Amino acid sequence: MTEPVRHDYGPGPDQFVEVSLPAGDGPAPVVVVVHGGFWRARYGIELARPLAADLAARGWAAVAVEYRRVGAGGGWPTTLQDVAAAVDALPDVPSAARLDLGDVTVLGHSAGGHLAAWTAGRGRLPAGAPGADPRVPVSAVVAQAGVLDLGAAVAADLGDGATVAFLGGTPAELPDRYAAADPVRLLPTGVPVLCVHGEEDTSVPLDQSRRFAAAAAAVGDTVEVAVVPGDHMAVIDVSGTAWRRTVDWLADRRTAAVGRTTLGS
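Residues numbered from 1 in each chain as written. Predicted model: local features only at pLDDT ≥ 70, side-chain atom pairs only at ≥ 80, totals over all residues. Heavy atoms only, no water.

(A) Looking closely at the pattern of salt bridges. All chains considered together, the criterion is met by twelve salt bridges. Residue Asp 14 is joined to Arg 69 by a salt bridge in which the shortest nitrogen-to-oxygen separation is 3.4 Å. Placement of the pair is Asp 14 in the loop between strand E1 (5-8) and strand E2 (16-20) and Arg 69 in the loop between strand E4 (61-66) and helix H2 (78-88), with a sequence separation of 55 residues. Both residues of the pair, Asp 14 and Arg 69, belong to the buried class. Arg 49 is the salt-bridge partner of Glu 18, the closest N and O atoms lying 2.8 Å from each other. Of this pair, Glu 18 sits in strand E2 while Arg 49 sits in helix H1 (residues 49-57), placing them 31 residues apart in sequence. Take Glu 18: its relative accessible area is 12%, and that puts it in the buried class. (Salt bridge = Lys/Arg side-chain N within 4 Å of Asp/Glu carboxyl O. Helix = DSSP H or I, 4+ residues; strand = E, 2+ residues; numbered from the N terminus. Buried < 20%, exposed > 50% of the residue type's maximum accessible area, 1.4 Å probe, protein only.)

Below you can see the structure in the form of structure tokens.
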């Protein structure tokens, strides 16, 4: 595993990714890691770094993303634009030859789970919407205690008004913004999703994952909900049950992809 290498995808101090490569020389499947923190500036990429390091040690090319957050130039539309730009910059990083851009999973925790699931729906966005016309397709998503239904998040006042602060108003006040930013409204995507959620999570209740999975199933998408022991932060503990469940799911997908390649050769 190499030391993380920074690549700036924009001119701002919070517009960069850190790429950690696994051992070896060939292309590796990619996991883009998007940190959470209710889209607020006081939480940053330091939350993503342990996950990225663990993934790289296990054989993935891990890309930790920093982006502008509320209180530091973020919110609507810049947070969405940044995450889209970070994913679309993957072909431009110095180590791009080591990235298998045909196998890109986006993994995110909490608000990062929202952003991860949102990336999968970018292809459904109308022209001109933030993040429309993706350059790099997303193969899979892992939402760790993700905020996946923004309307329900506002109704439950998750994060003490975090969603309203992120989008600048309520769904009734800004319906177009919610239509363009809410993962549950961008279904179906055709992208498999794993929702990992702590059964004792009071910051982002399990209902968020279950609502998203039900909506996805109704339109033919594949979403698995893994309920694990612990609270909101347990899902990003790389020594815990939830993380083991996550890397097992990623490994199973990787094995299946190798099998399909072998059979097709």
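(B) Here's a closer look at the layout of surface pockets. Of the voids in this model, the largest pocket is the one considered here, and its volume is about 200 Å³. Lining the largest pocket are 13 residues, with Gly 37, Phe 38, Tyr 43, Ser 110 and His 232 positioned closest to its centre. When the residues that make up the lining of the largest pocket are grouped by side-chain class, the tally is four nonpolar, seven polar and two charged. (1 Å grid on protein atoms, 1.4 Å probe; cavity = no way out; pocket = protein on both sides within 12 Å on 5 of 7 lines; lining within 4 Å. Points joined across faces, edges and corners; volume = space filled by probe spheres on them. Nonpolar A, V, L, I, M, F, W, Y, C, P; charged D, E, K, R; others polar.)

(C) Geometry of the pairing of E2. Taking burial as the measure, the five residues of E2 include five buried ones, the bulk of the element. By the alternation rule, side chains of E2 split into Phe 16, Glu 18 and Ser 20 and Val 17 and Val 19, which are all buried. Across four bridges, E1 lies against E2 in antiparallel orientation. Residue pairing in the sheet places Arg 6 in a bridge with Glu 18 of E2. As judged from the five bridges shared by E2 and E4, these two strands associate in the antiparallel manner. Across the sheet, residue Val 19 finds its bridge partner in E4, namely Val 63. (Pairing = 2+ DSSP bridges.)

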